[in-house]
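# Reading the structure
Spelled out, the chains give:
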Number of protein chains: 2
Amino acid sequence: MSKLLAVGTVAFDAIETPFGKTDKILGGSGTFVGLAASQFGVETGIVSVVGGDFPQEYLDMMNAKGINTDGVEIIKEGKTFFWSGKYHNDMNSRDTLITELNVLENFQPVVPEYFKDADIVMLGNLHPLVQVSVLEQMSKRPKLVVLDTMNFWMDISLNELHDVLKKVDVITINDEEARQLSGEYSLVNAAKKIHEMGPKYVVIKKGEHGALLFNEGNMFFAPALPLAEVFDPTGAGDTFAGGFCGYLTKTQDVSFDNMKNAIIYGSNLASFCVEKFGTERMQELTEKEVKNRLQSFKDLTQFDIELS
Amino acid sequence: MSKLLAVGTVAFDAIETPFGKTDKILGGSGTFVGLAASQFGVETGIVSVVGGDFPQEYLDMMNAKGINTDGVEIIKEGKTFFWSGKYHNDMNSRDTLITELNVLENFQPVVPEYFKDADIVMLGNLHPLVQVSVLEQMSKRPKLVVLDTMNFWMDISLNELHDVLKKVDVITINDEEARQLSGEYSLVNAAKKIHEMGPKYVVIKKGEHGALLFNEGNMFFAPALPLAEVFDPTGAGDTFAGGFCGYLTKTQDVSFDNMKNAIIYGSNLASFCVEKFGTERMQELTEKEVKNRLQSFKDLTQFDIELS
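Residues numbered from 1 in each chain as written. Chains lettered and ligands numbered in written order. Predicted model: local features only at pLDDT ≥ 70, side-chain atom pairs only at ≥ 80, totals over all residues. Heavy atoms only, no water.

The subject of this paragraph is the overall build of chain A. The helix and strand inventory of chain A stands at 11 helices and 14 strands. For 308 residues, the compact-globule estimate of 2.2 N^0.38 gives 19 Å, and chain A sits close to it at 18 Å. Seen along its three principal axes, the alpha-carbon backbone of chain A occupies a region of about 70 × 40 × 40 Å. Here chain A holds 308 residues, and the buried ones make up 60% of them. Once local pairs closer than 6 in sequence are excluded, the contacts in chain A between residues at least 24 apart make up 64%. Split by element, the accessible area of chain A, about 12300 Å² in all, is 47% carbon and sulfur. Seen as two clouds, the 28 positive and the 43 negative side-chain charges of chain A have centres 4 Å apart. (Helix = DSSP H or I, 4+ residues; strand = E, 2+ residues; numbered from the N terminus. Rg over C-alpha atoms; globule rule 2.2 N^0.38 Å. Buried < 20%, exposed > 50% of the residue type's maximum accessible area, 1.4 Å probe, protein only. Contact = heavy atoms within 4.5 Å. Areas by Shrake-Rupley, 256 points an atom, 1.4 Å probe, with all protein chains shown as cover. Lys, Arg positive; Asp, Glu negative; His and termini not counted. Charge placed at Lys NZ, Arg CZ, Asp CG, Glu CD.)

So, in structure tokens, the structure goes:
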């Protein structure tokens, strides 16, 4: 069976949206990536760190979904990373209310032996030096390395970010971050510049406006499924990335054409993620629901124009 | 041959973008609709009004493209409608600098006899009473009536707008206007409410974020083609509408499935419109260019996921 290794946060979130608010619930980029990838029946290993306050039942839930948590270090005397945020009415912007790094502050990822030959590696949004250290622990060059990052790392460790970018195949980044990283307003030009920094594939996430995949002159676009209600956008980007990586890991085909399908699978899973708070919807998601909604994606985007 | 009747403005524009600025050049919604529809070899009649200052060469150019301008009234002692605007750096927002209604102020559209049995009627963005008066002049109910409108008419003549909405099949409207008209933030919910006002088909234009077509539970989405450079967005929405109507007029098929193709054709033509100032790009556009770019749209959006 093919293997996916994902490094990311496993965390507590407290979320407020126009629809309500939560106490501390399960969150974190590694968690969302793992839950999305678990839809594909591949072996997914998460590398992360939590504190002694992290409930065993969350790890049990992940394990029951086939997610390997051997790489999730538990620091008994420490506290789990905690993020709290409040979404505005348009759901496209949010304010961070609280960020407590806690055990994440000195996170030294350790890749379990079994995942050192993973086919695909997803480097979640963490310090570039943490991302590099995961790559250095691999026993062979993965078939594909996917990196997620954000403006924060561009602000405080741009040089280290450039170093890790040279070592990855795919970058996933949102539109504003792509503009910041490249200094280009047009996303077409931004992708070109980011190609030159290393990644052969550039995925630009535009939230409710979909996602673009660029690869040296080729482009593909997947819309976000228009929904009557977006309940909580938290984790949608990570779910997208997890679906993308999970599908590629399962199919073992990292061609541009297959990445198109991966982008659609990622968008499809993200459309579920936003329907409930936190990981709730992803925990209960069934294969049949996923398939039905893939049909909606086809209906939404496929047309029949013959070009002679 | 099938006929398209379009009522709209034929005007002067003066445009400033980050790439440069123009003197008074040819503009107007009717002009852009006509130029887009001329790509399909259908008989397009424009109903509009201009002043004595409007150059005959502009009308000659339109006629040479097969656009019938018999319905463009020339008021010799009057001045042509003039709009001037300046786009911001992101090209998504603009300031109107000058609006001189001139001959448009007392515009009484007269539909030429030959176009009173047009198959498709496009009611451009004008006062709802002007739009209604065009419909009342038709000798038979057109196969499809498409209406464009804007927030301005919602602000000053909402009741009249609701009256005309009851008489049309398709409304094209941008996302903010759809929200204003419906009072719903979600575009899915907005489309539902607007359906209830009359139009069976709701087209929501999202500019660089593409366009959505809604029809009682069915949805279709076309992205805008990502471009390295958007030179001047003026007329893109009208070009989109003209391509949509032109394709439907040519194919004489107003089913939802064929409207998907029409939306793609409209988006395709709009992607050319923005490449130069005003109507310049649309005037020189060739069939071959249109076809090549349709292939780009297919590459951008079509994928191959089999659902058993």
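The next subject is the sheet that holds strand S12 (residues 201–205) of chain B. Paired through backbone hydrogen bonds, the strands of a sheet run either parallel or antiparallel to each other. Residue and element names in this part refer to chain B. The strand order across the open sheet formed by nine strands is S6-S5-S1-S9-S10-S11-S12-S13-S14, and the pairing between neighbours is mixed. For this open sheet the edge positions go to strand S6 (67–75) and strand S14 (218–222), each flanked by a neighbour on one side alone. When strand polarity is set aside, the average angle formed by the axes of neighbouring strands in this sheet is 15°. Relative to strand S5 (residues 43–51), strand S1 (residues 3–7) is paired through five bridges, and the arrangement is parallel. In the strand pairing of S5, Lys3 is matched with Glu43. Against the sheet, helix H3 (residues 128–137) contacts S1, strand S9 (120–123) and strand S10 (144–148), and its axis sits at roughly 165° relative to S9. Each of S10, strand S11 (170–174), S12, strand S13 (211–215) and S14 touches helix H9 (residues 256–273); the most contacted strand, S14, lies at about 20° to it. (Pairing = 2+ DSSP bridges. Axes fitted to C-alpha atoms, helices over the stretch in contact; angles between N-to-C directions.)

Glancing now at the sheet that holds strand S12 (residues 201–205) of chain A. All names here are of chain A. The strand order across the open sheet built from nine strands is S6-S5-S1-S9-S10-S11-S12-S13-S14, with neighbouring strands paired in mixed fashion. Lying at the two open borders of the sheet, with one neighbouring strand each, are strand S6 (67–75) and strand S14 (218–222). On average, each strand axis in the sheet is inclined to that of its neighbour by 15°, with strand direction left out of account. Helix H1 (residues 29–37) contacts strand S1 (3–7), strand S5 (43–51), S6 and strand S9 (120–123) of the sheet and is inclined by roughly 160° relative to S5. Packed onto the sheet, helix H8 (residues 236–251) meets S1, S9, strand S10 (144–148), strand S11 (170–174), S12 and strand S13 (211–215) and runs at close to 170° relative to S9.

Here chain A sits on chain B after a turn of 180° about the axis and a move of 0.0 Å along it, with an RMSD of 0.0 Å. Put plainly, the chains are arranged around a two-fold axis. (Least-squares fit on C-alpha atoms with pLDDT ≥ 70 in both.)

Moving on, we get to the side chain of Gln302 of chain A. By the element assignment, Gln302 of chain A lies in the segment after helix H11 (287–301). Accessibility expressed as a relative area gives 17% for Gln302 of chain A, which makes it buried. When neighbours within four sequence positions are excluded, Gln302 of chain A is seen to be in contact with Phe220, Lys260, Thr301, Gln302 and Phe303 of chain B.

All told, the structure shown has 21 aromatic pairs over all chains when counted by the stated rule. Each ring, one from Phe231 of chain A and one from Phe277 of chain A, has its centre 4.7 Å from the other, and the planes form 75°; the classification is edge-to-face. Of this pair, Phe231 of chain A sits in the loop between S14 and H8 while Phe277 of chain A sits in the loop between helix H9 (256–273) and helix H10 (280–284), placing them 46 residues apart in sequence. Given a relative accessible area of 14%, Phe277 of chain A falls into the buried group. When the ring of Phe40 of chain B is compared with that of Tyr265 of chain B, the centres are 5.6 Å apart and the planes differ by 65°; the resulting orientation is edge-to-face. Separated by 225 residues along the polypeptide, Phe40 of chain B in the loop between helix H1 (29–37) and S5 and Tyr265 of chain B in helix H9 bring together distant segments of the chain. (Phe/Tyr/Trp six-rings, centres within 6.5 Å; stacked < 30°, edge-to-face > 60°.)

It is worth spelling out H9 of chain A at this point. Between its terminal C-alpha atoms H9 of chain A stretches 25 Å, which fits the 26 Å expected from 18 residues at 1.5 Å a residue. Most of H9 of chain A is tucked away: 17 of the 18 residues are buried. (Expected span 1.5 Å × (residues − 1).)

Residue and element names in this part refer to chain B. Their axes nearest at 7 Å, the elements H1 and helix H8 (residues 236–251) cross at an angle of 45°. Comparing their axes, H8 and H1 come out oblique. Regarding H1 and H8, the two cross each other, and that crossing is right-handed. Where H1 approaches H8, its residues Ser29, Phe32, Val33, Ala36 and Ala37 are matched on the opposing element by Asp238, Thr239, Gly242, Gly243 and Gly246. Looking at the contact of H1 with H8, its residues break down into four nonpolar, five polar and one charged. (Parallel < 35°, antiparallel > 145°, perpendicular 65-115°, else oblique. Left-handed = near helix turned anticlockwise from the far one by under 90°. Nonpolar A, V, L, I, M, F, W, Y, C, P; charged D, E, K, R; others polar.)

A few words on the pairing of S9 of chain A. All names here are of chain A. Neither face of S9 is left uncovered, since the one carrying Ile120 and Met122 and the one carrying Val121 and Leu123 both have all their residues buried. In this structure, S9 lies alongside S10, joined through four bridges in parallel fashion. Bridging across to S10, Ile120 finds its partner in Leu144. In this fold, the crossover linking S9 to S10 by way of helix H3 (residues 128–136) has right-handed handedness. (Right-handed = clockwise from strand over helix to strand, strands pointing away.)

Facing 37 residues of chain A, the contacting portion of chain B comprises 37 residues. Of the roughly 3500 Å² buried between chain A and chain B on both sides combined, carbon and sulfur atoms contribute 59%. Counting across the interface, chain A meets chain B through zero salt bridges. For the pair chain A and chain B, the number of links is 18 residue pairs in polar contact (both at pLDDT 80 or more). Only helix H7 (187–196), S14, H9 and H11 of chain A provide two or more residues apiece to the side of chain A that touches chain B. For the side of chain A that touches chain B, the element with the most residues is H11 of chain A, which contributes eight residues. Residue composition of the side of chain A that touches chain B, by class: 18 nonpolar, nine polar and 10 charged. (Buried area = accessible area lost by both parts, 1.4 Å probe. Salt bridge = Lys/Arg side-chain N within 4 Å of Asp/Glu carboxyl O. Polar contact = N/O pair within 3.5 Å; in protein donor to acceptor, adjacent residues only side chain to side chain.)

This part takes up the packing of helix H6 (residues 175–182) of chain B against helix H7 (residues 187–196) of chain B. Residue and element names in this part refer to chain B. The geometry of H6 relative to H7 is characterised by a closest axis approach of 9 Å and an angle of 55° between their N-to-C directions. Considering the angle they form, H6 stands oblique to H7. Of the two elements, H6 crosses H7, and the hand of that crossing is left-handed. On H7, the residues touching Asp175, Ala178, Arg179, Leu181 and Ser182 of H6 are Leu187, Ala190, Lys193 and Ile194. Along the lines of polarity and charge, the residues of the contact of H6 with H7 split into five nonpolar, one polar and three charged.

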